[in-house]
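Remarks on the overall topology
Here is how the chains run, residue by residue.
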Amino acid sequence: MNIILVRHAQSANNLLYDETGSSEGRHADPPLTELGHTQAAALADFARTDATWQGVTHLYCSLTRRAVQTAAPLAAALGLGVQGLALAYEAGGLFQRDAEGVPQPVPGLTHAELLAESPALRWPPELPPAALGGRL
(Lines give C-alpha, C1' and ligand atoms only; values in the text may rest on other atoms or scores of the structure.)
Protein backbone atom coordinates (compact mmCIF):
# COMPACT_ATOMS: atom_id res chain seq x y z
CA MET A 1 0.00 0.00 0.00
CA ASN A 2 1.23 3.49 -0.88
CA ILE A 3 0.08 6.70 0.77
CA ILE A 4 0.41 10.06 -0.94
CA LEU A 5 -0.02 13.13 1.27
CA VAL A 6 -0.93 16.42 -0.38
CA ARG A 7 -1.13 19.72 1.45
CA HIS A 8 -3.87 22.07 0.30
CA ALA A 9 -3.06 24.53 -2.46
CA GLN A 10 -2.50 28.23 -1.72
CA SER A 11 -5.25 29.63 0.48
CA ALA A 12 -6.23 33.23 1.11
CA ASN A 13 -4.48 33.02 4.50
CA ASN A 14 -1.27 31.76 2.85
CA LEU A 15 -1.37 34.73 0.48
CA LEU A 16 -2.14 37.16 3.32
CA TYR A 17 0.89 35.96 5.27
CA ASP A 18 3.12 35.99 2.16
CA GLU A 19 2.12 39.58 1.43
CA THR A 20 2.13 41.00 4.96
CA GLY A 21 4.13 38.66 7.18
CA SER A 22 1.16 38.72 9.52
CA SER A 23 -1.97 36.73 10.22
CA GLU A 24 -3.91 39.90 10.99
CA GLY A 25 -7.18 39.75 9.08
CA ARG A 26 -7.04 35.99 8.52
CA HIS A 27 -10.18 34.05 7.65
CA ALA A 28 -11.19 31.12 9.87
CA ASP A 29 -11.85 28.83 6.89
CA PRO A 30 -10.18 30.46 3.90
CA PRO A 31 -10.89 29.58 0.29
CA LEU A 32 -8.19 28.89 -2.26
CA THR A 33 -6.77 31.84 -4.14
CA GLU A 34 -6.73 31.98 -7.93
CA LEU A 35 -3.21 30.54 -7.77
CA GLY A 36 -4.46 27.84 -5.39
CA HIS A 37 -7.14 26.78 -7.86
CA THR A 38 -4.48 26.72 -10.59
CA GLN A 39 -2.25 24.55 -8.38
CA ALA A 40 -5.12 22.13 -7.63
CA ALA A 41 -5.95 21.88 -11.34
CA ALA A 42 -2.27 21.28 -12.18
CA LEU A 43 -2.13 18.40 -9.69
CA ALA A 44 -5.26 16.90 -11.25
CA ASP A 45 -3.81 17.25 -14.75
CA PHE A 46 -0.62 15.51 -13.62
CA ALA A 47 -2.59 12.74 -11.87
CA ARG A 48 -4.52 11.95 -15.07
CA THR A 49 -1.36 10.59 -16.72
CA ASP A 50 0.94 9.63 -13.84
CA ALA A 51 1.18 5.89 -13.17
CA THR A 52 1.44 6.33 -9.40
CA TRP A 53 -1.65 8.52 -9.25
CA GLN A 54 -3.52 6.16 -11.54
CA GLY A 55 -3.15 3.52 -8.82
CA VAL A 56 -4.84 5.68 -6.17
CA THR A 57 -8.02 4.03 -4.93
CA HIS A 58 -9.13 6.33 -2.11
CA LEU A 59 -9.08 10.07 -1.46
CA TYR A 60 -9.51 11.67 1.97
CA CYS A 61 -9.51 15.27 3.09
CA SER A 62 -10.31 17.45 6.05
CA LEU A 63 -13.57 19.37 6.03
CA THR A 64 -11.87 22.73 5.60
CA ARG A 65 -12.84 24.69 2.51
CA ARG A 66 -9.25 24.85 1.20
CA ALA A 67 -8.78 21.06 1.50
CA VAL A 68 -12.09 20.28 -0.18
CA GLN A 69 -11.34 22.76 -2.98
CA THR A 70 -7.89 21.21 -3.48
CA ALA A 71 -9.30 17.66 -3.59
CA ALA A 72 -12.19 18.45 -5.97
CA PRO A 73 -10.28 18.54 -9.28
CA LEU A 74 -8.20 15.53 -8.24
CA ALA A 75 -11.34 13.53 -7.48
CA ALA A 76 -12.79 14.46 -10.87
CA ALA A 77 -9.55 13.54 -12.66
CA LEU A 78 -9.36 10.14 -10.96
CA GLY A 79 -13.08 9.41 -10.96
CA LEU A 80 -13.11 8.98 -7.17
CA GLY A 81 -15.14 10.23 -4.27
CA VAL A 82 -13.49 12.16 -1.46
CA GLN A 83 -14.12 10.93 2.07
CA GLY A 84 -14.29 13.85 4.47
CA LEU A 85 -12.53 13.26 7.77
CA ALA A 86 -14.05 14.95 10.81
CA LEU A 87 -10.89 14.57 12.89
CA ALA A 88 -8.42 15.87 10.30
CA TYR A 89 -7.70 19.52 11.05
CA GLU A 90 -4.88 21.78 12.10
CA ALA A 91 -4.11 22.29 15.78
CA GLY A 92 -6.75 24.47 17.36
CA GLY A 93 -9.31 23.87 14.62
CA LEU A 94 -11.18 26.71 12.93
CA PHE A 95 -11.03 29.96 14.91
CA GLN A 96 -11.25 33.73 14.81
CA ARG A 97 -9.52 35.97 17.34
CA ASP A 98 -11.75 38.10 19.53
CA ALA A 99 -11.07 41.77 20.40
CA GLU A 100 -8.48 40.68 22.98
CA GLY A 101 -6.73 38.43 20.47
CA VAL A 102 -7.93 35.19 22.05
CA PRO A 103 -8.79 32.45 19.53
CA GLN A 104 -12.51 31.58 19.54
CA PRO A 105 -13.77 28.44 17.79
CA VAL A 106 -16.07 28.93 14.83
CA PRO A 107 -18.14 26.40 12.87
CA GLY A 108 -17.00 25.20 9.49
CA LEU A 109 -19.10 25.11 6.37
CA THR A 110 -22.19 22.93 6.22
CA HIS A 111 -22.35 19.71 4.24
CA ALA A 112 -24.33 21.50 1.50
CA GLU A 113 -21.80 24.34 1.33
CA LEU A 114 -18.88 21.92 1.02
CA LEU A 115 -20.75 19.82 -1.55
CA ALA A 116 -20.99 22.97 -3.66
CA GLU A 117 -17.17 23.06 -3.58
CA SER A 118 -16.85 19.34 -4.38
CA PRO A 119 -19.80 17.17 -5.42
CA ALA A 120 -17.56 14.14 -4.82
CA LEU A 121 -17.36 14.85 -1.07
CA ARG A 122 -18.67 12.11 1.20
CA TRP A 123 -19.79 13.44 4.58
CA PRO A 124 -18.41 11.58 7.63
CA PRO A 125 -21.12 9.30 9.04
CA GLU A 126 -20.38 10.40 12.63
CA LEU A 127 -21.40 14.02 11.91
CA PRO A 128 -25.01 15.25 11.66
CA PRO A 129 -26.44 14.61 8.21
CA ALA A 130 -26.77 17.32 5.58
CA ALA A 131 -30.54 17.49 6.11
CA LEU A 132 -29.81 18.90 9.57
CA GLY A 133 -27.28 21.41 8.23
CA GLY A 134 -24.41 19.48 9.79
CA ARG A 135 -21.34 21.55 10.51
CA LEU A 136 -17.80 20.56 11.35
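See the structure shown above.
Just so we're clear, the structure is a prediction, and the values are computed from it rather than from any experiment.

Details of the pattern of salt bridges
Tallied over the full model, the rule gives two salt bridges. With a shortest N-O distance of 4.0 Å, R66 and D29 are connected by a salt bridge. Placement of the pair is R66 in helix α4 (residues 65-78) and D29 in the loop between α1 (12-20) and α2 (34-49), with a sequence separation of 37 residues. R66 sits in the buried class, given a relative accessible area of 7%. Measuring nitrogen to oxygen at the nearest pair gives 2.5 Å for the salt bridge that ties D45 to R48.

Description of a nonpolar patch on the surface
A contiguous nonpolar patch, built from M1, I3 and L5 and spanning about 490 Å² of accessible area, is present on the exposed surface. You can call I3 exposed: its relative accessible area is 64%.

Describing the sheet that holds strand β5 (residues 121-122)
Read from one edge to the other, the open sheet built from three strands follows the order β1-β2-β5, with strand pairing classed as parallel. Since the sheet does not close on itself, it has two edges, and those belong to β1 (59-62) and β5, each with one partner. Bridge count for β1 against strand β2 (residues 82-85) is four bridges, and the pairing is parallel. Note on β2: the bridge partner recorded for S62 is L85. This element, α4, spans β1, β2 and β5 of the sheet and lies at about 165 degrees to β1.

A short note on the side chain of D29
Residue D29 is classed as buried on the basis of its relative accessible area of 4%. At 2.8 Å, the side chain of D29 and the backbone nitrogen of R65 are in polar contact. Among residues more than four places away in sequence, those in contact with D29 are T64, R65, R66, L94, G108 and L109.

Criteria and thresholds
Throughout, a residue's number is its position along its own chain's written sequence, starting from 1. Confidence filtering applies because this is a predicted model: local features only for residues at pLDDT of at least 70, side-chain atom pairs given and counted only at 80 or more, and all residues used for totals across whole chains, interfaces and linings. Excluding hydrogens and water, the side-chain values take into account all heavy atoms of the structure. By definition here, a salt bridge exists when the distance from a side-chain nitrogen of Lys or Arg to a carboxyl oxygen of Asp or Glu is within 4 Å. Numbered from the N terminus, helices here are DSSP runs of H or I no shorter than four residues, and strands are runs of E no shorter than two. Burial status follows relative accessibility: with a 1.4 Å probe on protein chains alone, a residue under 20% of its type maximum counts as buried, one over 50% as exposed, and anything between as partly exposed. Patch criteria: residues need more than 30% relative accessible area and no salt bridge. Like-charged residues are merged within 9 Å; nonpolar side chains of Val, Leu, Ile, Met, Phe, Trp and Tyr are merged within 5 Å. Only the protein chains shown count as cover for residues, with accessible areas throughout obtained via the Shrake-Rupley method and a probe of 1.4 Å. Only when DSSP finds a minimum of two bridges between them are two strands counted as paired. Any two residues whose heavy atoms approach within 4.5 Å at even a single point are treated as in contact. Here, axes are lines fitted to C-alpha atoms. For helices the fit covers the stretch in contact, and angles between N-to-C directions go from 0 to 180 degrees. Definition of a polar contact: a pair of N or O atoms within 3.5 Å, with one able to donate and the other able to accept a hydrogen when the atoms are protein atoms, and with sequence-neighbouring residues admitted only if both atoms are side-chain atoms.

Geometry only, nothing functional implied.
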